Amino acid sequence: MKDKDMTRGEELRKALSYDRKNGYDRLLPGEREAMEEYCAGYKEFLDAGKTERECVDRAVALAEAAGFRAYARGMELKPGDKVYRVNRGKSVMLAVMGKESLAEGVHIAAAHIDSPRLDLKQNPLYEADELAYCKTHYYGGIRKYQWVTIPLELHGVVALKSGQVVRVSVGNGEGDPLFTIDDLLPHLGVEQSRKPLGEAIPGESLNILVGSRPLADDEGKDRVKLTVLELLNRKYGIVEEDFISAELCAVPAFRACDIGFDRSMIGAYGHDDRVCAYACLAAILQLSAPERTAVCVLADKEEIGSEGVTGMKSAAFDTFMEDLCAGQNVPVRACYEKSFCLSADVTAAYDPNFADVYEKRNSAFVNYGIGLCKYTGARGKSGASDASAELVARVRRTLDEASVVWQMAELGKVDAGGGGTVAMFMAERNIDTLDAGVPVLSMHAPFETVGKLDCYMTFKGAKAVFEEA
Ligand code: MN
Ligand code: MN
């Protein structure tokens, strides 16, 4: 109908132009409250999961509470059945069986639960000038200068020769001690300050301070280190050699918290990619009996290229899908070719403080909803799966029909850098895949920031994909 108060220009603008609106101007009644409630659950998930192992434990606990059972090969499944399989304690796959055959394909949401951190080396503990330190090797892409002089926790496992696995978690409990990496005082940092950011803190200087008290009544060497070893032995029953088969990770000791006077954002360690992992998980936990089978993958090792037996390149995912398909006598390749995967991973949020690395027309903004990336990658889209136009159209329709606030996103200016996700490894399986996720400020920093609205819209987006007919 023609609006008689509109000029021709206004009418054309309304009909033809793509107008982007802040998500807060597009929320449905009651969504502010739903968003806050959802984000409270997300913050709990973050505090409980500082490593991929801990995220798996938390995801399984939530899944079991929602009626999921551990899948056993050969288990008979009917529509509405909910199952999960844990891969070596570090990744988890969940499925809700749909009404349709697996030959019609499945709806997948894949996110990763590993985050950048500092791993202890296999012979980490040493004493230097009566201070005890642990050597580290950083995991994932970090800006090393950001990891000094912040409080750190230590999480992980020590696997003993006996087969026993000792869990370690120091810093997360009430009254726990923390750790830190020292840096130069400005008074003596003249030379260091002249170096480029990327060189000022060398990787081999990321040594964690773990003790300073010498063993009493002893004349021998390394008395501080010996005190630390004695404490570790008392608490965990381990000796120095056991570090060889340990996975101990130093992670930032920050609790997830609201950011801003208006509490509209969340600051935390590990939003990349637990913010999407939690969204996909929360979405699949709410399903009852969807048309298509819904599959949620929380993968490990994305930050180092999705390598390894627990990464998205691993056949563990194919094996799980083959097992489900075998129950219906469907070849997994037939299931894959009709499947769709939302590769849920964070994207860079436009940052006005560093405007020159973004191209504003194509950037994702905080509070503009889940960001869809047709492609990621670097240079000439290298390392991208580059979803088809048809697929992007399908997702636009699905999200619009479910009133999900979404936006298009790109990982910074052309040639400013780049990055990848698990998307290409899903696409390699002959699964139509599109990247989508929450825009993050200070991605990969020890303390990252996201908008609550975008967290909630990513959950809504994942649910819309699962429920797509
Ligand atoms: Mn990521
Ligand atoms: Mn990342």
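Reference entry: report on the structure contained in this document. Predicted model, so just to flag it, every value in this text is computed and none were measured. Per chain, residue numbering runs from 1 following the sequence as it is written. All chains are assigned letters beginning with A, and all ligands numbers beginning with 1, in the order in which they are written. In keeping with the predicted nature of the model, local features appear solely for residues at pLDDT of at least 70, side-chain atom pairs appear and are counted solely at 80 or more, and the whole-chain, interface and lining totals rest on all residues. With hydrogens and water stripped out, all remaining heavy atoms of the structure feed into the side-chain values.

### Observations regarding the coordination of the manganese ion (ligand 2)
Note the threshold: Coordination partners: N, O, S within 2.8 Å of the metal, 3.2 Å for Na, K and Ca; water not considered, so apparent gaps in a site are possible. Secondary structure elements are taken from DSSP: a helix is a run of H or I of four residues or more, a strand is a run of E of two residues or more, and numbering for both begins at the N terminus. Each residue gets one of three labels from its accessible area relative to the maximum for its type: buried under 20%, exposed over 50%, partly exposed in between, using a 1.4 Å probe on protein chains only.
The coordination sphere of the manganese ion (ligand 2) contains the protein donors Asp272 (OD), Glu303 (OE), Glu303 (OE) and His444 (NE2), at a distance range of 2.0 to 2.6 Å. Each donor residue of the manganese ion (ligand 2) lies on the same chain, and together they follow the pattern D-x30-E-x140-H. Between the two metals, the manganese ion (ligand 2) and the manganese ion (ligand 1), the spacing is 3.3 Å, and Asp272 donates to both. With Glu303 in the loop between β13 (293-299) and α8 (316-326) and His444 in the loop between β21 (439-441) and β22 (448-451), this residue pair connects regions lying 141 residues apart in the sequence. A relative accessible area of 12% places Glu303 in the buried class. Judged by relative accessible area, His444 falls into the buried class, the value being 17%.

### Let's talk about the pairing of strand β10 (residues 246-252)
Note the threshold: Any two strands between which DSSP finds at least two bridges are classified as paired.
Counting buried positions along β10 yields six of seven residues, so the element is predominantly enclosed. As judged from the two bridges shared by strand β5 (residues 117-128) and β10, these two strands associate in the antiparallel manner. Note that in β10 the partner of Leu118 across the bridge is Ala250. The pairing of strand β7 (residues 152-159) with β10 spans seven bridges and is antiparallel. Opposite Glu153, over in β10, you have Val251 as the bridge partner.

### Focus: the sheet that holds β21
Threshold: Only heavy atoms matter for contacts: two residues are in contact if any of them lie within 4.5 Å across the pair. Axes, fitted as lines to C-alpha atoms, cover a helix only where it is in contact. Angles between the N-to-C directions of the axes lie from 0 to 180 degrees.
With mixed pairing, five strands are arranged side by side in an open sheet as β11-β12-β22-β21-β15. At either margin of the open sheet sits one strand with a lone partner, and together these are β11 (257-259) and β15 (347-348). Both β21 and β22 contribute to a ladder of two bridges, which runs antiparallel. Its bridge partner lying in β22, Val440 is registered against Val450. Against the sheet, helix α2 (residues 31-48) touches β11 and β12 (265-268), its axis set at about 5 degrees to β12.

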